[in-house]
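# Summary of structural features
The residues making up each chain are set out below.
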2 protein chains.
Amino acid sequence: MRIGALSRRTGASERSLRHYEKQGLLHPQRDESSGYREYREDDVRTVRNIRTLLAAGLNTAVIADLLPCMVEDEGELAPGCAGLVTDLNRERDRISAAVAELAASLDVLDTLITAAPPETADDPACAEDDAEPSPVHS
Amino acid sequence: MRIGALSRRTGASERSLRHYEKQGLLHPQRDESSGYREYREDDVRTVRNIRTLLAAGLNTAVIADLLPCMVEDEGELAPGCAGLVTDLNRERDRISAAVAELAASLDVLDTLITAAPPETADDPACAEDDAEPSPVHS
DNA sequence: CTAGAGTCTGACACCCGTGTCAGAGTCAAC
DNA sequence: GTTGACTCTGACACGGGTGTCAGACTCTAG
């Protein structure tokens, strides 16, 4: 199939598909006369795997290493890629740290929201009487 | 105090402090003869507030709106900043969505890690240098 | 043959806080 | 007077997947 069809079947834009190829994630054949990319049926699944991993926060370089190890089944890894687990765990830690950071950010915002002056608070439960009119600095 | 001192006291680089000013977050006086920025003692706290909000995922435009409403105390909001709570809640929702997205990413990675082949030490061709037999850490 | 859809490559923009550099001016200390 | 630390402005780069455009070529249906 050509790039337009693959785009429709995967939801990835043609732009993205060309980008994935340039990053070494896809290797479509080329039509000799036209130069058009010719994708195989397998590539539909490959692109979906790529999208999944991108959504997981991995970049194309990491995915390029990971992709050859993925097999047909649900997120399963091919044998012989055991060393990859180290990389995956590193990614996992990275994402985990990001989650922790954002969770802390939520706390900061919640503190601010809770401390909002009573007249502006959405939730009446947050209302407090000690509205101290401190001068607003310029 | 001048920019170097403020940088040391806040941990923000001079580059960042100049950036914050350009974004309207700081308004230091200028020495008439030298043109050097002159910061007030208050600015130390202001910069710390800025850093906190940036760490919370807010951008400088949002912070510019938010900053005049913050008072001296811990994350408290000044009165008379109606409508701000709505903005804060929107930011909260945005971060919350990001957390959910990353959590889903963690699931994807965990699925891959769990599906990894059980230490294929049998096949030397698959051995990798960085393949440490470390257990999956969570 | 022709119109229109499909595809090609290459390039620029975006986000947005931060790092870094260059060239020049300022200030305090010796 | 000289040296060295400090500061100034402006500009470029980064990450990194994606949007979008321009100009040109290819394919297919009528």
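Our subject is the structure listed above.
The shown structure was predicted, so the numbers you read here are calculated from the model rather than taken from an experiment.

## With respect to the protein's contact with DNA strand C
Surveying the vicinity of DNA strand C reveals 22 residues, the closest of which are Tyr36(A), Arg37(A), Ser13(B), Tyr20(B) and Tyr36(B). Taking the atoms of DNA strand C that fall within 4 Å of the protein, sugar and phosphate contribute 66% of them. For DNA strand C, a phosphate oxygen lies 3.0 Å from a polar atom in the backbone of Gly4(A). With respect to DNA strand C, the side chain of Ser13(B) contributes an N or O atom lying 2.8 Å from a phosphate oxygen. Those elements that place two or more of their residues in the surface near DNA strand C are helix 1 (3-10) and helix 2 (14-22) of chain A together with helix 2 (14-22) and helix 3 (42-55) of chain B.

## A few points about the layout of surface pockets
All names here are of chain A. Considered as a void within the structure, the largest pocket measures approximately 390 Å³ in volume. Lining the largest pocket are 18 residues, and of these Leu25, Arg40, Asp43, Thr46 and Leu67 sit closest to its centre. Among the elements that line the lining of the largest pocket, the one with the most residues is helix 3 (residues 42-55), at five residues. Its residues placed into classes, the lining of the largest pocket shows eight nonpolar, five polar and five charged.

## Focus: helix 3 of chain A
For helix 3 of chain A, with 14 residues, the first-to-last C-alpha span of 20 Å sits near the 20 Å given by 1.5 Å per residue. The complete set of buried residues in helix 3 of chain A reads Asp43(A), Val44(A), Val47(A), Asn49(A), Ile50(A) and Leu53(A). Elements in contact with the buried residues of helix 3 of chain A: helix 1, helix 2 and helix 4 (60-66) of chain A together with helix 5 (84-114) of chain B. Phi for Gly57(A), located one or two positions after helix 3 of chain A, is positive at around 95°.

## Some words on the packing of helix 2 of chain B against helix 3 of chain B
Each pair of packed helices gets described by two things: the angle between the helix axes and the distance between those axes. Residue and element names in this part refer to chain B. Two numbers describe how helix 2 lies on helix 3: the axes approach to 12 Å, and their chain directions differ by 90°. By the angle between their directions, the pair helix 2 and helix 3 is classed as roughly perpendicular. Taken together, the residues of helix 3 that come into contact with helix 2 (itself represented by Ser16, Leu17 and Tyr20) are Val47, Ile50, Arg51 and Leu54. A per-class count over the contact of helix 2 with helix 3 returns five nonpolar, one polar and one charged.

## Some words on the pattern of salt bridges
Should the charged atoms of two oppositely charged side chains come close, the side chains can pair. All names here are of chain A. Inspection of every chain in the model, using the stated rule, returns 15 salt bridges over all chains. Between Glu91 and Arg94 there is a salt bridge, with its nearest N and O atoms 2.8 Å apart. Highlighted residues: Glu91 and Arg94, both in helix 5 (residues 84-114), separated by three residues, approximately one helical turn. Given a relative accessible area of 8%, Glu91 falls into the buried group. Accessibility expressed as a relative area gives 39% for Arg94, which makes it partly exposed.

## A closer look at the protein's contact with DNA strand D
In the vicinity of DNA strand D lie 22 residues, with Ser13(A), Tyr20(A), Thr60(A), Gly4(B) and Arg37(B) positioned nearest. Protein-adjacent atoms of DNA strand D, using a 4 Å cutoff, are sugar or phosphate at a proportion of 71%. A distance of 3.2 Å is found between a base oxygen of DNA strand D and a side-chain nitrogen or oxygen belonging to Tyr36(B). Residue Arg37(B) places a side-chain N or O atom 2.5 Å away from a phosphate oxygen belonging to DNA strand D. If you list the elements that add at least two residues to the surface near DNA strand D, you get helix 2 and helix 3 of chain A together with helix 1 (3-10) and helix 2 of chain B. Per-element accounting of the surface near DNA strand D gives the leading share, four residues, to helix 2 of chain A. For the surface near DNA strand D, the class distribution of residues is five nonpolar, nine polar and eight charged.

## With respect to the nonpolar core
By size, the foremost hydrophobic cluster in this structure holds 61 residues, and its most contacted members are Leu17(A), Leu53(A), Leu17(B), Leu53(B) and Leu58(B). With residues up to four places along the chain from it excluded, the contact list for Leu17(B) reads Ile3(B), Leu6(B), Ser7(B), Thr10(B), Ala12(B), Leu26(B), Tyr39(B) and Val47(B).

## Topic: the environment of Asp87(B)
Here Asp87(B) lies in helix 5. Sequence-wise, Asp87(B) and Ser105(B) are 18 residues apart; in three dimensions their C-alpha atoms are separated by 27 Å.

## A look at helix 2 of chain A
Residue and element names in this part refer to chain A. Considered for burial, the residues of helix 2 that qualify are Ser16, Leu17, Tyr20 and Glu21. An end-on view of helix 2 places all buried positions within 145° of arc, on one side of the element. Seen from the open side of helix 2, the exposed residues pointing more than 90 degrees away from its buried face are Arg15 and Lys22. Remark: Gly24 follows helix 2 within two positions and exhibits a positive phi of approximately 85°.

Thresholds, definitions, all that
- Residues numbered from 1 in each chain as written.
- Chains lettered and ligands numbered in written order.
- Predicted model: local features only at pLDDT ≥ 70, side-chain atom pairs only at ≥ 80, totals over all residues.
- Heavy atoms only, no water.
- Near = heavy atom within 4 Å.
- Polar contact = N/O pair within 3.5 Å; in protein donor to acceptor, adjacent residues only side chain to side chain.
- Helix = DSSP H or I, 4+ residues; strand = E, 2+ residues; numbered from the N terminus.
- 1 Å grid on protein atoms, 1.4 Å probe; cavity = no way out; pocket = protein on both sides within 12 Å on 5 of 7 lines; lining within 4 Å.
- Points joined across faces, edges and corners; volume = space filled by probe spheres on them.
- Nonpolar A, V, L, I, M, F, W, Y, C, P; charged D, E, K, R; others polar.
- Expected span 1.5 Å × (residues − 1).
- Buried < 20%, exposed > 50% of the residue type's maximum accessible area, 1.4 Å probe, protein only.
- Contact = heavy atoms within 4.5 Å.
- Axes fitted to C-alpha atoms, helices over the stretch in contact; angles between N-to-C directions.
- Parallel < 35°, antiparallel > 145°, perpendicular 65-115°, else oblique.
- Salt bridge = Lys/Arg side-chain N within 4 Å of Asp/Glu carboxyl O.
- Core = buried A, V, L, I, M, F, W, Y, C linked by side-chain atoms within 4.5 Å.
- Arc of directions from axis to C-beta.

Note that every value here comes from positions in space, so none of it alone points to a role or purpose.
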